[in-house]
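# A structural walkthrough
In case you want the letters, here they are:
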Amino acid sequence: MNTRLVAARTLVRVLDGGQSLTAALEHALPALENPQDKAFVQAVCYGVCRYYHRLQFILMQLVDKPIKDAEIYALALVGLYQLAFMRVKTHAAVSETVLATRKKSWAKPLINAVLRRYLREQENLESQANSSPVALHSHPKWLISRVENDWGNEKAAQIFQANNQFPPMMLRINRLQTIRENYLQQLAALEIEAEAVENCPAAIRLVKPVAVTALPNFESGAVSVQDTSAQFAAGLLELKAGQRILDLCAAPAGKTAHILESQPNLECVAVDIDATRMQRVETNLKRLNLSATLIVGDATQPESWWNGKLFDRILVDAPCSALGVIRRHPDIKILRRAEDLVALPALQYAILNAAWSMLAEGGLLVYATCSILKAENEDQIAHFLTENANAQEISFDSNPAKHGWQILTSDQNGDGFYYARLYKLA
Ligand SMILES: C[S@@+](CC[C@H](N)C(=O)[O-])C[C@H]1O[C@@H](n2cnc3c(N)ncnc32)[C@H](O)[C@@H]1O
């Protein structure tokens, strides 16, 4: 199977089918036997999504009219990505991509001409691309406006640049099973280069990503994959033995697991609306040898699943635009539409309100999103504080948000994330 064609077909599922890149790759990769082919297809697909808006701009300069055939259009992007960003031999990139047109013989001269003209005019085309903000940042126009509006042009440019980087693979060691120094030694013994992350006690950054199966004792639960920004949630909850914890919007349980690893003597209830995602919660907790009460339920309607017993701690990890995790999921830039964001703040606010009604006096609620938009984050908390006199914000020392703690993708080595802590007054 021509790997360029596999990559193009995978991309068609994203570009035309609206499927996530993760799902599209899960569909495509099992058919490839050779691990190098799998790695190549994955690298090309991630790369095309990461630089889609730039490649699309360049392609438009190279054709007289838009390419209507979805597979050939994707193949042109695959070809351009290889030439512009990958260290593959130019000759092989062109000839293999042309060959991938297969029975569509009309497309052979087209792909050949596009790629050869790109090579001839590369410098000029790249500098033209740099004069268009969409191509320069490789983000859609609406998203550029939203981020610039919230953070100003200079900070926004840093965010876009950070969004286009390859994300580091981050681990969270299970402190019930191991300590970080020991795990680092185990990694070193396997020649997996890694380092401890400062200010994040369970976090390890791998210099190069590896398959989870290559990680020592992964199957027995010594370690999980989790970005450092997501690892702050458990610490912010100020957990103590014997507390009742509600993890609202819990699937697939990255944070539930961290909560239980930090303080195993808790009564932990994890709720998510999505039954399929809830199955992943079960699998993940089982691997880590942890347990919680799992409920498939709508966080906005606790009356349908809650027994009325108040909680000491609540984590609301709200459904969000996920604009803070673009570097890990570059397909977000293609799939997310401005209109998708219209209903989200109201849903987040309804979940926050419902959660508040289940929190005991003297209890603590942590609101979290992996978004960098104020409408999903600090605006929500500002509004909530004006409407709830019994809510007191516990502020953070230094951060750019008026309320809560906004981690921007460009600030640290972690994903874009937001946290706010609300204490319930008696
Ligand atoms: C950001 S993800 C949660 C990630 C998770 N806390 C973790 O750390 O692994 C948001 C979750 O909210 C869930 N969700 C969306 N709307 C919901 C609702 N109305 N009630 C409960 N869960 C909801 C989604 O199914 C999704 O699993």
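Residues numbered from 1 in each chain as written. Predicted model: local features only at pLDDT ≥ 70, side-chain atom pairs only at ≥ 80, totals over all residues.

The subject of this paragraph is the overall build of the protein chain. A count of helices and strands for the protein chain gives 16 helices and 12 strands. Over its C-alpha trace the protein chain gives a radius of gyration of 23 Å, about what one expects of a compact globule, namely 22 Å for 426 residues. Dimensions of the protein chain, computed from the C-alpha atoms along their principal axes, are close to 75 × 50 × 40 Å. Every one of the 426 residues in the protein chain was classed for burial, and the buried ones make up 43%. Here the contacts in the protein chain between residues at least 6 apart in sequence split such that 69% fall between residues at least 24 apart. (Helix = DSSP H or I, 4+ residues; strand = E, 2+ residues; numbered from the N terminus. Rg over C-alpha atoms; globule rule 2.2 N^0.38 Å. Buried ≥ 20, exposed ≤ 12 C-beta atoms within 10 Å, placed from the backbone. Contact = placed C-beta atoms within 7 Å.)

Interface size is often expressed as the accessible area that is lost when the parts come together. What the domain assignment lists for the protein chain is domain 1 (3–138), domain 2 (169–225) and domain 3 (232–424). Taking only C-alpha atoms, the centre of domain 1 and the centre of domain 3 are 37 Å apart. Contacts between the two partners involve 10 residues from domain 1 and, on the opposite side, 5 residues from domain 3. The set of elements that each furnish at least two residues to the side of domain 1 that touches domain 3 consists of α1 (3–15), α3 (35–50) and α4 (52–62). Of the residues forming the side of domain 1 that touches domain 3, the biggest block, 3 residues, is contributed by α3. Here the side of domain 1 that touches domain 3 is composed, by residue class, of 6 nonpolar, 3 polar and 1 charged. (Domains from an automatic or database assignment. Nonpolar A, V, L, I, M, F, W, Y, C, P; charged D, E, K, R; others polar.)

Let's shift gears to the site of the ligand. Surrounding the ligand, one finds 17 residues, the nearest of these being Cys 249, Gly 254, Ile 273, Ala 299 and Asp 317. Taken together, the residues that form the shell around the ligand break down as 9 nonpolar, 2 polar and 6 charged. (Near = placed C-beta within 6 Å.)

The contact between α4 and helix α5 (residues 70–85) brings their axes to 10 Å, and the two run at 105°. When the axis of α4 is compared with that of α5, the two are roughly perpendicular. Along the contact surface, α4 presents Leu 55, Ile 58 and Leu 59, while α5 presents Ala 76, Leu 77, Leu 80 and Tyr 81. A class-by-class count of the residues in the contact of α4 with α5 yields 7 nonpolar, no polar and no charged. (Axes fitted to C-alpha atoms, helices over the stretch in contact; angles between N-to-C directions. Parallel < 35°, antiparallel > 145°, perpendicular 65-115°, else oblique.)

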